[in-house]
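# An overview of the molecular structure
Next come the chains, spelled out residue by residue.
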Amino acid sequence: MSDKTVELMNPHLETARSDYLYHLDINVANTRDTSELQNRFGDVRVICMGGTGSRMRQLALYLRDILVVSESGDPVDLCERGNRYAMYKVGPVLCVSHGVGSSSFSVVLHELIKLLKYARCQDPVLLRIGTCGGLGVPPGTVVASKNAFNGLLRNEHEIAILGQRVVRPAQFSEDVIRDLLAFGVDANDGFQTISANTMGTDCFYEGQGRTDGAICEYSEKDKMEFLQKCHDLGIRNIEMEASMFASVTQKVGVKAGDVCVTLIDRLKGDQITITIDQKHEFEQRPFFVVGRYIKRLLQQ
Ligand SMILES: O=P(O)(O)O[C@H]1O[C@H](CO)[C@@H](O)[C@H]1O
Ligand SMILES: O=c1cc[nH]c(=O)[nH]1
């Protein structure tokens, strides 16, 4: 069978003797013999990531049932000692929290991609399961992101590297989106799942055109003109990781998708007014879509 191990875009790692994945508290003591890591994680086909540890724990419990894996009892957080991110393993799936925003997510994403490489995971798929603001779609809509736009409304991710602006493309995998819609959606879901463009910003308030942050130097009219401009670009949801997530996975060449549920229609307001119970119900919706997708993926 052809080798489908992730290739890293870093020549320095080819000569590094060891690598401590610090935020995951996973030590690759000898990069030339990763058999222990392969034993622990080599079967991983999918890594699901989301902002909170509680959601990832709930997802792990959900996936246990539909993937019919043998784990039982309270899910074990494999990264608890790291005191940063939570990681649960359910058979061939890892459920990992990433915190709020691209900065926090990129830290764990680099380490997870290295883990995939060292453990020699074959043909993995990375999925973000999150919440977002909607744009012209009803709250509770599930959006599978296509092109990720940054806060400047460019379909790219901009990062400062060695004091220079580096810009990378930010598109999610077309076949992942196709399969999420083909295998993840059920007519009886009771909610809509769509694919659309997503804006991933570096800020929840001003960066998303909210007028309820601690600072606001624009009018309601300015805000609505900006949101309409987003809508005209095919953007139907706004969150805080899409452009970085798409650009890193696209650069490394690993398949990725971003599946978020909308909590609000930003064309109608800024404050999230749904109840905490409604939020928890909404947060489960991407589980159903991603769960069916993963089940199908593992059968192939
Ligand atoms: O619900 P999560 O996955 O955290 O995603 C969204 O929620 C956070 C903001 O409330 C940001 O991380 C945004 O991307
Ligand atoms: O409006 C929203 C809701 C969730 N997450 C965001 O980034 N924005």
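Throughout this description, residue numbers start from 1 for each chain and increase along the sequence as written. All chains are assigned letters beginning with A, and all ligands numbers beginning with 1, in the order in which they are written. Side-chain atom pairs in this predicted model are given and counted only at pLDDT of 80 or more, local residue features only at pLDDT of at least 70, and totals for whole chains, interfaces and linings cover all residues. Based on all heavy atoms of the structure, the side-chain values leave hydrogens and waters out of the count.

### Quick notes on the domain arrangement of the protein chain
For the record, the criterion: Domain borders in the structure are assigned automatically or taken from a domain database. Residue contacts are defined here by distance: any two heavy atoms, one from each residue, within 4.5 Å place the two residues in contact. What gets called buried area is simply the loss in accessible area from a 1.4 Å probe that two parts show on being joined, summed for both. Salt bridge, as used here, is a side-chain nitrogen of Lys or Arg placed within 4 Å of a carboxyl oxygen of Asp or Glu.
Parsing the protein chain into structural domains produces domain 1 (1-122) and domain 2 (128-299). Computed from C-alpha atoms alone, the centre-to-centre distance between domain 1 and domain 2 is 23 Å. Facing 28 residues of domain 1, the contacting portion of domain 2 comprises 23 residues. Interface of domain 1 and domain 2: buried area, both sides summed, is about 2,300 Å²; carbon and sulfur atoms make up 74% of it. Among the residues domain 1 hides against domain 2, the three largest losses belong to Arg-55, Tyr-62 and Ser-102. Together they make up 23% of the total. Scanning the region where domain 1 abuts domain 2 turns up one salt bridge.

### Describing the site of ligand 2
Short version of the rule: Summary of the distance rule: residues count as near a molecule or strand when at least one heavy atom falls within 4 Å of that molecule or strand. N or O atoms within 3.5 Å of each other form a polar contact, as long as, within protein, one can give a hydrogen and the other can take it, and as long as residues adjacent in sequence are counted only when both atoms are side-chain atoms. Note on areas: Shrake-Rupley, 1.4 Å probe, and residue coverage restricted to the protein chains presented here. A run of H or I in DSSP becomes a helix once it reaches four residues, and a run of E becomes a strand once it reaches two; helices and strands are each numbered from the N terminus.
Taken together, the neighbourhood of ligand 2 is formed by Thr-131, Cys-132, Gly-133, Phe-204, Gln-208, Arg-210, Ile-238, Glu-239, Met-240 and Ile-272. Here Gln-208 contributes a side-chain N or O atom positioned 2.9 Å from a nitrogen atom of ligand 2. In the environment of ligand 2, an oxygen atom lies 2.7 Å from a nitrogen or oxygen atom belonging to the side chain of Arg-210. The fraction of the free accessible surface of ligand 2 (240 Å²) that becomes covered by protein chains is 93%. Breaking the shell around ligand 2 down by element, the ones donating at least two residues are strand 6 (125-134) and strand 11 (235-239). It is strand 6 that provides the largest number of residues to the shell around ligand 2, a total of three residues.

### Considerations on the nonpolar core
For the record, the criterion: Residues enter a nonpolar core if they are buried and are Ala, Val, Leu, Ile, Met, Phe, Trp, Tyr or Cys, with the set joined through side-chain atoms within 4.5 Å. For the exposure calls, accessible area comes from a 1.4 Å probe over protein chains only, and a residue counts as buried if that area is under 20% of its type's maximum, exposed if over 50%, partly exposed in between.
Counting 40 residues, the largest nonpolar core has Met-87 and Leu-126 as the members making the most contacts within it. Going through the elements one at a time, strand 2 (26-28), helix 2 (35-41), strand 3 (46-50), strand 5 (93-97), helix 4 (101-118) and helix 7 (242-252) are the ones with two or more residues in this core. No fewer than three residues from each of domain 1 (1-122) and domain 2 (128-299) sit in this core. In contact with Met-87, other than residues within four places in its own chain, are Leu-24, Ile-26, Phe-41, Val-76, Asp-77, Leu-78, Cys-79, Leu-94, Cys-95, Val-96, Leu-112 and Leu-115. In this structure, Leu-59, Val-125, Val-142 and Ala-144 belong to the second largest nonpolar core, which totals 32 residues.

### Looking at the site of ligand 1
Inspection of the region around ligand 1 gives Gly-51, Arg-55, Val-100, Gly-101, Arg-128, Gly-130, Thr-131, Phe-204, Glu-239, Met-240 and Glu-241 as its neighbouring residues. Between ligand 1 and Arg-128 there is a distance of 2.7 Å, counted from an oxygen atom to a side-chain nitrogen or oxygen. Burial of ligand 1 by the protein chains amounts to 84% of its free accessible area of 340 Å². When residues in the shell around ligand 1 are grouped by element, the largest group, three residues, is from strand 6.

### Side note on the side chain of Lys-114
Here Lys-114 lies in helix 4. A polar contact is formed between the side chain of Lys-114 and the side chain of Asp-19, at a distance of 2.9 Å. Look past the residues within four positions of Lys-114 in its chain and what remains in contact with it is Leu-8, Leu-13, Asp-19 and Leu-21.

### Focus on the pattern of salt bridges
Under the criterion given, the structure shown has 21 salt bridges. Measuring nitrogen to oxygen at the nearest pair gives 3.4 Å for the salt bridge that ties Asp-258 to Arg-128. Of this pair, Asp-258 sits in strand 12 (residues 255-265) while Arg-128 is found in strand 6, placing the two residues 130 residues apart along the sequence. Side by side, Asp-258 and Arg-128 carry an identical accessibility label, which is buried. Among the charged side chains, a network of salt bridges with common partners joins Arg-128, Glu-239, Glu-241 and Asp-258.

### A short note on the UniProt feature "binding site: substrate" (unreviewed entry) in the protein chain
Applicable threshold: UniProt positions are given in the numbering used here, feature names are shortened, and annotations may be inferred rather than shown by experiment.
Sites flagged by UniProt as "binding site: substrate" (unreviewed entry) map to Gln-208 and Arg-210. Counting through the fold element by element, Gln-208 comes out in the loop between strand 10 (193-200) and helix 6 (220-232). Once residues lying within four places of it in the same chain are set aside, the contact partners of Gln-208 are Thr-201, Cys-203, Leu-227, Ile-238, Glu-239, Met-240 and Arg-266. Tracing the chain through its elements places Arg-210 in the loop between strand 10 and helix 6. With relative accessibility at 2%, the residue Arg-210 sits in the buried group. Other than its neighbours up to four places away in sequence, Arg-210 contacts Phe-204, Tyr-205, Cys-216, Tyr-218, Ile-264, Arg-266, Asp-270 and Ile-272.

### Observations regarding the pairing of strand 10
Applicable threshold: A pair of strands is treated as paired once DSSP finds two or more bridges between them.
Strand 10 sits mainly inside the fold: seven of its eight residues count as buried. In the sheet, strand 7 (residues 142-149) pairs with strand 10 via six bridges, with the strands oriented parallel. If you follow Phe-149 over to strand 10, its bridge partner there is Met-199. Both strand 10 and strand 11 contribute to a ladder of four bridges, which runs parallel. Counterpart to Asn-197 in the pairing with strand 11 is Ile-235.

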